[in-house]
Amino acid sequence: MEQSQKASPKLVAFAALVLLCAGLPHFLLDRKPADRAPGQYSVEALLPPVVGSFQVVNREQGVLGRGIEHVAIYQDSAGRRTAQFALITNYGIHNGVACYLARGMPVQWRRVEEMKSADSSATFEIVSLGDQSLKGGNRSALFIASTECTTVGCREIPLEIRSGLQLGWIRKKLGTESISAQRRPVPLSITFQSTSVDGSVKTQEQALSEFRELISNFKLNPLRELSASN
Amino acid sequence: MTQSIFRARPNEKNVSSLAGDWSISGWRGLSAIFLVSGLGLWWAFGSLLHSLVKLWIGNGLASLGILAVPAAAILTVLALRSRKWRANGSWWGLALCALTFLMTITVKNYGIPVLRSSGGALHLLPLGLMIWLYVSGIFLLFAGYEAYRLAFFPLSLLLLVNPAPQFFMYYVDLPLQYVGAHTARIFAGWVGVPLESDHLRLMFSPALGMFIAPGCNGLRGALAMGFLTLIVGYLYRLPLWLRGVYFIFGVILAYLMNLVRLCGLVLCYRVALNVEPLARHMEAADYVLGSLIFFSASIFVFAIPRKWNNLRKQAQNS
């Protein structure tokens, strides 16, 4: 009887603690309505069926961690140039170039370039890849470009520049960053391949100007709006 | 006669004291503790647990964390069932529970404190840590230091409910994918298979190619093997230093086996170039190859503690 009484005060104290420090905050904090509903978006608006002279030939969607990756593959009418647009919603910071380079592609050059899109301008990190195949013979040029769109614009910060420690808070749910003025960025990665028809060597500059033309027909503002509601 | 929470051997002398300390009375007391603890868990961690379940379902690598909870529960029961101890609950356990609740209130009110760096964010109060502190507090409060010491390792498995935090992944994922992709490329060159840079795949022909996806970084196998070596090392009661070596060996071996898998897959693709029916089943071939390699490595890894125990017994006998 004496020993039973030893545990009873502990259980009573524990129950009181649970009630005050877990139950009360649960009913006061957890039951509050969420700040805002997650943004609704149409994939067709973000990745339209036609971009300049390119038409979509395939669409894919997949889960990437906590985010969703939307992919659209475009081709010109001759099938000579292929572009793959991949954007990730509900994810956050993601350097597409770094992600692709991890596949072991041989890099020829890498730079950051300001480009004009259909409705704004954006900074892309661009990487040119070499054609390693024995039968390729430099007939094709392959680029990977990435940017990250937020409410203030689309720009990519090269990995080398991202440094320094910062203390901060991630709000509400695990993995949900709340940045009051600037919501989660929407990362966009584009791979672009251009092949010469007659077997001649495809110069980098030719391919790059084709890539610039493609971007000049693509609208980035829907991605910025999505970032605002993300 | 009241019942103890944990089954003790009948001939143990301290059964009555143990039972007495626990019995508010017997199973009713146990049920009351479980009920109050469960309510505390639900109220304090409910929204965070919901996010964790979503993470387990949506992330193949993190899904390994599902095993941490039943593994911790089963090993705790095993650790306490066959041992005798003096159950002296400590009020420090209540302080630990209070501290945990304070952490959850902070997280709910202000968010999760993080240390940001280079795009990654290190959670300073990860969910696994909070759950571990909470369960540790309950153990200390009702079972005491001795029981907690016995259950320390099993309970510590709760720290692994999210075995691959985003911060960790940010730094190791891409370099490991890079190593995997380069190994496969070099091996392909070595066996004389030309590769085209088409759609970022390792293309063996215009229609046949493999993509070194995030799943190919070797971390799933390495984490799974690390998790298994931790548990096996504990069950075989290896010395702590050996357990550490065993764990590191298991992780490295599993990672190297992933590179072997990628090279094996390159060979499969090479064969599939000439065997049309095989080319249609390359995804299945990847799974079969991966499973066989992991299974073989597991048998080898699990033989080590058994061998160690045999050697130790021989040394004791001689």
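Residues numbered from 1 in each chain as written. Chains lettered and ligands numbered in written order. Predicted model: local features only at pLDDT ≥ 70, side-chain atom pairs only at ≥ 80, totals over all residues.

Moving on, we come to the overall build of chain A. Assigned secondary structure in chain A consists of five helices and 10 strands. Taken across its 230 residues, chain A has 37% of its residues classed as buried. Of the contacts made within chain A by residues no fewer than 6 positions apart, 64% connect residues no fewer than 24 positions apart. (Helix = DSSP H or I, 4+ residues; strand = E, 2+ residues; numbered from the N terminus. Buried ≥ 20, exposed ≤ 12 C-beta atoms within 10 Å, placed from the backbone. Contact = placed C-beta atoms within 7 Å.)

Here we take up the overall build of chain B. Looking only at helices and strands, chain B has 12 helices and five strands in total. Counting across all 318 residues of chain B, residues that qualify as buried make up 39%. Partitioning the contacts of chain B with sequence separation of at least 6, the portion at a separation of at least 24 is 75%.

On to the packing of helix α9 (residues 219-235) of chain B against helix α10 (residues 240-272) of chain B. All names here are of chain B. α10 packs onto α9 with a crossing angle of 155° between their chain directions and a minimal axis gap of 8 Å. Judged by the inter-axis angle, α9 sits roughly antiparallel to α10. For the pair α9 and α10, the crossing hand works out as right-handed. Listed contacts from α10 to Gly221, Ala222, Ala224, Met225, Gly226, Leu228, Thr229, Leu230 and Gly233 of α9 are Arg243, Tyr246, Phe247, Gly250, Val251, Leu253, Ala254, Tyr255, Met257 and Asn258. Tallied by class, the residues present in the contact of α9 with α10 amount to 12 nonpolar, six polar and one charged. (Axes fitted to C-alpha atoms, helices over the stretch in contact; angles between N-to-C directions. Parallel < 35°, antiparallel > 145°, perpendicular 65-115°, else oblique. Left-handed = near helix turned anticlockwise from the far one by under 90°. Nonpolar A, V, L, I, M, F, W, Y, C, P; charged D, E, K, R; others polar.)

Residues and elements named next belong to chain B. Their axes nearest at 7 Å, the elements helix α4 (residues 92-110) and helix α5 (residues 127-142) cross at an angle of 155°. As the angle between them shows, α4 and α5 are arranged roughly antiparallel. For the crossing formed where α4 meets α5, the hand is left-handed. Across the interface between the two elements, Trp92, Gly93, Leu94, Leu96, Cys97, Leu99, Thr100, Met103 and Thr104 from α4 touch Met130, Leu133, Tyr134, Ser136, Gly137, Ile138, Phe139, Leu140 and Leu141 from α5.

Positive phi outside glycine occurs at Arg237 of chain B, with the angle close to 55°. As for its position among the elements, Arg237 of chain B is in the loop between α9 and α10.

A word on the pairing of strand β4 (residues 81-89) of chain A. Walk down a regular strand and you will see the side chains alternate between the two sheet faces. Residues and elements named next belong to chain A. With eight of nine residues buried, β4 lies mostly within the body of the structure. In this structure, strand β3 (residues 67-76) lies alongside β4, joined through eight bridges in antiparallel fashion. Its bridge partner lying in β4, Tyr74 is registered against Ala83. Of the strand pairs in this sheet, β4 and strand β10 (residues 186-195) are connected by seven bridges, and their pairing is antiparallel. What sits directly across from Ala86, in β10, is Ser189. (Pairing = 2+ DSSP bridges.)

Take the confidence of the model for chain A next. Regions with low pLDDT carry predicted coordinates that are not meant to be interpreted in detail. Residue and element names in this part refer to chain A. Per-chain confidence: chain A averages 75 in pLDDT, with 68% of residues scoring 70 or above. When pLDDT is averaged over each helix and strand of chain A, the minimum, 57, is found for strand β9 (residues 165-170) and the maximum, 91, for strand β1 (residues 50-51). Confidence over residues 34-38 falls short of pLDDT 50; this stretch has one contact with residues more than four positions distant or in other chains. This stretch, residues 172-182, has a pLDDT under 50; its non-local contacts, to residues over four places away or in other chains, come to 20 contacts. (pLDDT = per-residue confidence, 0-100.)

Let us now look at the nonpolar core. Of all hydrophobic cores here, the largest spans 56 residues; its most connected members are Cys97, Ile131, Val135, Phe139 and Leu158 of chain B. Taken together, the elements giving at least two residues each to this core come down to α1 (2-30) of chain A together with α2 (26-58), α3 (68-81), α4, α5, α6 (144-150), α9 and α10 of chain B. Among the elements that take part in this core, α5 of chain B stands out by supplying 11 residues, more than any other. When residues no more than four places from it in sequence are discounted, the contact partners of Leu158 of chain B are Ala68, Ala72, Gly128, Ile131, Trp132 and Val135 of chain B. (Core = buried A, V, L, I, M, F, W, Y, C linked by C-beta atoms within 7 Å.)

Another point: the pairing of strand β5 (residues 107-116) of chain A. With zero of 10 residues buried, β5 of chain A is to be regarded as a mostly surface element. Hairpin connection between β5 of chain A and strand β6 (residues 121-129) of chain A: a loop of four residues separates the two successive antiparallel strands.

Moving on, we get to the environment of Ser189 of chain A. Residues and elements named next belong to chain A. With respect to the helices and strands, Ser189 occurs in strand β10. Accessibility expressed as a C-beta count within 10 Å gives 26 for Ser189, which makes it buried. Considering only alpha carbons, one finds Ser189 and Asn95, 94 residues apart in sequence, at a separation of 8.2 Å.

Further remarks concern helix α8 (residues 166-190) of chain B. Residues and elements named next belong to chain B. Given a rise of 1.5 Å per residue, 25 residues ought to cover 36 Å, and the 35 Å separating the end C-alpha atoms of α8 matches this to within 8%. In α8, a bend of some 35° at Val172 exceeds every other bend along the element, and Pro175, a proline, comes one to four places later. Looking only at α8, the buried set comprises Gln166, Leu174, Leu176, Gln177, Gly180, Ala181, Ala184, Arg185 and Ala188. Taken from the residues just after α8, Gly192 is the one with a positive phi, measuring 80°. (Expected span 1.5 Å × (residues − 1). Bend = angle between axes of the 7 residues up to and from the residue.)

All names here are of chain B. The pLDDT averaged across chain B works out to 79; a share of 81% of its residues lies at or above 70. Averaged pLDDT values over the elements of chain B bottom out at 40 in helix α1 (residues 15-22) and peak at 94 in helix α7 (residues 152-156). Here the predicted complex scores 0.66 on pTM and 0.73 on ipTM.

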